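Next come the chains, spelled out residue by residue.
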Amino acid sequence: MHLASCYRSSSSKNEEMDKLANKYKRSISIESRETNHRTRSSLRGSDIVSVNSSDDLTSKIVSKGTGRVGLKNLGNTCFMNSILQCLSHSAPLREYFLSRKYKGDLSSSSKMQGRLAEEFANLLSDMWSGRMDTCSPNKFKSAVAKSAPRFVGYSQQDSQEFLRFFMEGLHEDLNRGKRGKRRMEEPDKDLSDSQLADHRWKEYLTWDNSEIVSIFVGLLKSTLTCSICDHKSVTFDPFWDLSLPLPRSKGSGLNLYSCFAEFTQVEVLDGDEMPTCENCKKRQKCTKQFSIERFPPILVLHLKRFSEVRYRTKLSTKVDFPVENLDLADFSSSSACPPQYDLVGVSNHSGNTFSGHYIAFCKSGERWHRYSDTSVSSLSKSDIVSSEAYVLFYERKR
């Protein structure tokens, strides 16, 4: 299309307009070529998404960078930065926000009226824009403090506790579920375990239905068996992450699977812990065992390194965990083959219970990087597993 042809005229005024139009056409063409060149050279390998512009009148292409961007420490906020990096590299969550799909889910009735989700989206947009090496999470931190007052100020916090509070606030900002007093219906007693699981999951989604739930929440099965009549009582509860105990090990063979084995081992409930058997109608000695009924797209695993017995202590035991192909078939309540997972992020804690530092290891494409606040550096795959690993982020293989 020749833009200048729209202004052809024998008058001097139209000739000036003709020159101006040609100049405009050339500048647009040059700028377009330069922009495309910069995009190809600096964002090679990154993906591109189409989103609606702010006025919703046009659609534009937004280029996303590599995500290898540091975060400023605002004063003992390394715990927050390490979690933000792990979340940033969790593809389903990142794509949901960068594609602006979250806009249609913002809740005006939440405590924050969508502000927490907006600030998180703005921060992700900066981190993946390809325009900067370092971002400041200052506005995001302010929104977090209003959502969860315990994060007001700049004292050191636990990264896993921050993750839980933040995800709860984010879910509330994007919840599509019902409001008001919750009413739980008693299911039919003749339902099979799988049918009961479906009932409980649908019931949960009635009140808690957000994309955050779809990405991060799984379902845990608890089986209570009476030692007298052998009656089994089954319940299902949603989980946002799994806190895994670190079993005592005499050797160096501690790994993630042994942590899962400890978490799902049969527990005897006796004495003051005896529950009431549904069949015997009285308190009886029982056994209790957990298994995983529903596996979420992003599985968050918390290694319980900190103990609250008498005084807070830290276990610095090295736990070996797979970087690829995490297979939890042995801990699934279903006979169906569960999904396999690949590691995408680790929140690490170095130091002791009184002082320390959080950093993140994150996967971008096929490469791993170390994120220590504003510092970003390459990471060898052999250095991912360490005694400082604290919160693990696994992504379900597609």
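Residues numbered from 1 in each chain as written. Predicted model: local features only at pLDDT ≥ 70, side-chain atom pairs only at ≥ 80, totals over all residues. Heavy atoms only, no water.

Asks: Just give me the short version of the pattern of salt bridges, but keep the residues and values in it.
Replies: Here the structure, examined in full by the defined rule, presents eight salt bridges. Across the salt bridge formed by Glu324 and Lys381, the nearest N and O atoms sit 3.0 Å from each other. Separated by 57 residues along the polypeptide, Glu324 in the loop between β12 (313–314) and β13 (326–327) and Lys381 in the loop between β17 (375–379) and β18 (389–396) bring together distant segments of the chain. According to the relative accessible area criterion, Lys381 is partly exposed, its value standing at 45%. (Salt bridge = Lys/Arg side-chain N within 4 Å of Asp/Glu carboxyl O. Helix = DSSP H or I, 4+ residues; strand = E, 2+ residues; numbered from the N terminus. Buried < 20%, exposed > 50% of the residue type's maximum accessible area, 1.4 Å probe, protein only.)

Asks: Now, about the packing of aromatic side chains: what can you tell me, with residues and values included?
Replies: Aromatic ring pairs: the centre-centre distance and the angle between the two ring planes describe each pair. On inspection of all chains with the given rule, the structure shows 16 aromatic pairs. Relative to Phe166, the ring of Phe140 lies with its centre 5.2 Å away and its plane at 80 degrees, an arrangement referred to as edge-to-face. Of this pair, Phe140 sits in helix α5 (residues 138–147) while Phe166 is found in helix α6 (residues 159–174), placing the two residues 26 residues apart along the sequence. For Phe140, a relative accessible area of 1% translates into the label buried. For the ring pair Phe260 and Phe331, a centre distance of 5.3 Å and an interplane angle of 25 degrees mean the geometry is stacked. Here Phe331 lies in the loop between β13 and β14 (340–351) and Phe260 lies in helix α9 (residues 256–264), a separation of 71 residues in the sequence. The same class applies to Phe260 as to Phe331, namely buried. Site record: aromatic cluster; members linked through ring pairs are Phe79, Tyr96, Phe97, Tyr102, Phe120, Phe140, Phe151, Phe162, Phe165 and Phe166. Sitting above the plane of the Phe151 ring, Arg150 keeps its charged end 5.5 Å from the centroid. (Phe/Tyr/Trp six-rings, centres within 6.5 Å; stacked < 30°, edge-to-face > 60°. Lys NZ or Arg CZ within 6 Å of the ring centre and 35° of its normal.)

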